[in-house]
Amino acid sequence: MTSAISKTKNNLIDVARQLFAKKGVENTTMNDIAEASQRGRRTLYTYFSSKNDIYKAVIESELEVLYSKLEEVTRRNIPADEKLILLAFTRLGAIKEVVTRNGTLRADFFRDIWKVENVRKEFDKKEIHYLETIIRDGCEKGIFQLHDIRQTAEILHYAFKGLEVPTIRGAMRLDYNKKEDREIIANILFKGIYVK
C-alpha cells in the first residue's frame, strides 16, 4: 500500500512540476494539477494542503536529484582534490539540468528566490557536509593542510553557489570534460591567484 501512496504522490509532484514550468506557479491552480494528473481534488488534498505545499514538494524533489548526484561523487574512490573538482562540475551541471527541465530562470517557477532558498536550506547543509567530508579526507591523507575544515567547506559551498546563475544563463560554459576548465577550477581552489 505504501508504494501505491508514494507513487500517487510522486505523480502529483511531477504533474505539478510540469505545470509550474509551463504555466507558472501563480497561473496554476490546484484544480489544474488534479485534472492534469487525472486525480480528483480530494486525492490532491489528501497529500497537499495547498499549492504552496505542493510547490515546496516540487522543489524538494528536484533537490533530491542533486543530493543523489553529489552523494555519488562523494562515494567515488578518487583523491580528495579530484573529488572536489568533480563535485563542483557535477553540482553546476545538475543545477543547470534542473532549470532547463523546468523552464528558464526567469520563469515564475524560479522567480521567488526566497521561497526556493528556504526549501534549499537542507540541501545547503548536506552539501557543506559533503564538502567537509572530502576536505577532511584530503587533510588526513596529506593532500590539504587546513586549520578550519568547516569554514573552508562553507566558503566553497557559497563560491560554488555563486557560479550557478552565470552557468545556468550560459555566461560561463565550464565543462568537466575540458582539461583547461578543470585546471582553472583546480588552480583557483588549490593554488589561489598568488604568484608562487
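Now for a look at the structure at hand.

The rules behind the values
Residues numbered from 1 in each chain as written. Predicted model: local features only at pLDDT ≥ 70, side-chain atom pairs only at ≥ 80, totals over all residues. Heavy atoms only, no water. Axes fitted to C-alpha atoms, helices over the stretch in contact; angles between N-to-C directions. Helix = DSSP H or I, 4+ residues; strand = E, 2+ residues; numbered from the N terminus. Left-handed = near helix turned anticlockwise from the far one by under 90°. Contact = heavy atoms within 4.5 Å. Nonpolar A, V, L, I, M, F, W, Y, C, P; charged D, E, K, R; others polar. Buried < 20%, exposed > 50% of the residue type's maximum accessible area, 1.4 Å probe, protein only. Expected span 1.5 Å × (residues − 1). Arc of directions from axis to C-beta. Phe/Tyr/Trp six-rings, centres within 6.5 Å; stacked < 30°, edge-to-face > 60°. Lys NZ or Arg CZ within 6 Å of the ring centre and 35° of its normal.

1. Focus: the packing of helix α5 (residues 80-101) against helix α10 (residues 179-191)
No. 1: In contact at an axis separation of 10 Å, α5 and α10 are set at 115 degrees when each is read in the N-to-C sense. With respect to the hand of their crossing, α5 and α10 are arranged in right-handed fashion. Side by side, α5 and α10 meet where Asp81, Leu84, Ile85 and Phe89 of the first sit next to Asp181, Arg182, Ile185, Ala186, Leu189 and Phe190 of the second.
No. 2: Partitioning the contact of α5 with α10 into residue classes produces 7 nonpolar, no polar and 3 charged.

2. Things to note about the side chain of Ser37
No. 1: Inspection of the secondary structure puts Ser37 in the loop between α2 (30-36) and α3 (41-47).
No. 2: Residue Ser37 is classed as buried on the basis of its relative accessible area of 9%.
No. 3: Discounting chain neighbours no more than four positions away, the residues touching Ser37 are Asn11, Leu12 and Val15.

3. Concerning α10
Helical geometry: 3.6 residues make up each α-helical turn, so side chains three or four residues apart lie on a common side.
No. 1: Between its terminal C-alpha atoms α10 stretches 17 Å, which fits the 18 Å expected from 13 residues at 1.5 Å a residue.
No. 2: Listed as buried for α10 are Asp181, Ile185 and Ala186. Viewed end-on, α10 has its buried residues packed into an arc of 130 degrees, placing them on one side of the element. Exposed residues on α10 whose side chains face more than 90 degrees from its buried face are Lys179 and Glu180.
No. 3: Buried-residue contacts for α10 involve α5.

4. Points about the packing of aromatic side chains
No. 1: Using the criterion set out here, one finds 4 aromatic pairs in the structure.
No. 2: Geometrically, the ring pair formed by Phe89 and Tyr176 is edge-to-face, given 5.5 Å between the ring centres and 65 degrees between the ring planes. Here the residue Phe89 occupies a position in helix α5, and Tyr176 occupies one in the loop between α9 (164-169) and α10, the gap between them amounting to 87 residues.
No. 3: Phe89 gets classed as buried once you look at its relative accessible area, which sits at 9%.
No. 4: In this structure, Lys126 is placed above the aromatic ring of Tyr67, and the distance from its NZ or CZ to the ring centre is 3.9 Å.
No. 5: Taking NZ or CZ as reference, Arg182 lies 5.4 Å from the ring centre of Tyr176, over its face.

All we've got here are geometric facts, nothing functional implied.
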